[in-house]
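# Structure assessment
So the chains spell out like this:
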Amino acid sequence: MGTADVEDCAAVAEYLIASGRTGAGQVFITGASAGGYTALQAVSRRSVFSGAVARSAIIDPHRWQRAAPRWQRPHAAELTGPAGAVRADWIERPVLLIHGSDDHVAPLSEVSQLADALEARGAAHRLLVVSARHSLSAQQAAAEVLEAELEFYLEHLAG
C-alpha cells in the first residue's frame, strides 16, 4: 500500500493520456479508506494526477495497524507497506479531504493534523468534515460529499 498501488494507478492514467482518452491536467485520483491513502500518496510525488480526493483516508498505516479494531488488524498488517505515513510536505497537488466526524476506523484527528500542516504550508486543500462514520453513507452527508467533490474537480480542472 502506498507504492505498487500508486504506480498502478499512475500507469493507467498515463495510458489514458497517451491514448488520447483524456488530456494532461484532467486526471484526478480518488479513494476511500485505504484508497484515500493511495490517492494522497499519489499526489505526494510528481505524477500525472491533477489532484486527489481522499474520503475517510488512512493517514498513517502503521498507526492504523495498531489502532484498528482487533478483527481488522490482520487486514491492516497486510496493507501496511514501506511508504509510511502521508506527509503534508510531500503533497504536490490540490487535495480534498472528506472525513466523518464519527469515523471509528480512521481517526479524524489524523486527517485534521494533515489539513493543519497543509494549511501551514499554504498548500491547496480543503477539509470537509461531515456527520457520518467511516463509510460516509449518511444520506445528508452523501449529498454534501458529492457537491464538494464536483466543486473540487471543476475548480482544479485544467482547460
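See the structure shown above.
Procedures and definitions
- Residues numbered from 1 in each chain as written.
- Predicted model: local features only at pLDDT ≥ 70, side-chain atom pairs only at ≥ 80, totals over all residues.
- Heavy atoms only, no water.
- Phe/Tyr/Trp six-rings, centres within 6.5 Å; stacked < 30°, edge-to-face > 60°.
- Helix = DSSP H or I, 4+ residues; strand = E, 2+ residues; numbered from the N terminus.
- Contact = heavy atoms within 4.5 Å.
- Core = buried A, V, L, I, M, F, W, Y, C linked by side-chain atoms within 4.5 Å.
- Buried < 20%, exposed > 50% of the residue type's maximum accessible area, 1.4 Å probe, protein only.
- Pairing = 2+ DSSP bridges.
- Axes fitted to C-alpha atoms, helices over the stretch in contact; angles between N-to-C directions.

## Here we look at the packing of aromatic side chains
- Evaluation of the coordinates by the stated rule reveals three aromatic pairs.
- Geometrically, the ring pair formed by phenylalanine 28 and phenylalanine 152 is edge-to-face, given 5.9 Å between the ring centres and 70° between the ring planes. Placement of phenylalanine 28 in strand E1 (residues 28-32) and of phenylalanine 152 in helix H6 (residues 139-156) is noted, with a sequence separation of 124 residues between them.
- Considering the side-chain rings of phenylalanine 28 and tyrosine 153, the 5.1 Å spacing of their centres and the 65° angle between planes classify their relative orientation as edge-to-face. One end of the pair, phenylalanine 28, is in strand E1; the other, tyrosine 153, is in helix H6, and 125 residues separate them in sequence.
- Pairwise contacts between aromatic rings join Phe28, Phe152 and Tyr153 into one cluster.

## Considerations on the side chain of glutamate 110
- Among the secondary structure elements, glutamate 110 is positioned in helix H5 (residues 108-121).
- The contact partners of glutamate 110, leaving out residues within four places of it in the chain, are Ile59, Asp60 and Arg63.

## A few points about the nonpolar core
- Leu40, Phe49, Ile91, Val95, Leu97, Leu114 and Leu118 are the most contacted members of the largest nonpolar core, which has 35 residues in total.
- Of the residues forming this core, the biggest block, five residues, is contributed by helix H2 (residues 34-42).
- Setting aside residues up to four positions removed in sequence, leucine 114 forms contacts with Leu40, Ile59, Val86, Arg87, Ala88, Ile91 and Leu97.
- Val53, Ile98, Ala141 and Phe152 belong to the second largest nonpolar core, which has twelve residues in total.

## Thoughts on H2
- Counting buried residues in H2 gives eight out of nine residues, a clear majority hidden from the surface.
- For H2, the full list of buried residues reads Ala34, Gly36, Tyr37, Thr38, Ala39, Leu40, Gln41 and Ala42.

## Focus: the sheet that holds strand E2 (residues 51-55)
- The four strands are arranged E1-E2-E3-E4 in an open sheet whose pairing can be described as parallel. Either end of the sheet is taken by a strand with one partner, and the two such strands are E1 and strand E4 (125-130). Adjacent strand axes in the sheet meet at a mean angle of 10° when their direction is disregarded.
- Lying on the sheet, H5 is in contact with strand E3 (95-100) and E4; it crosses E3 at an angle near 155°.

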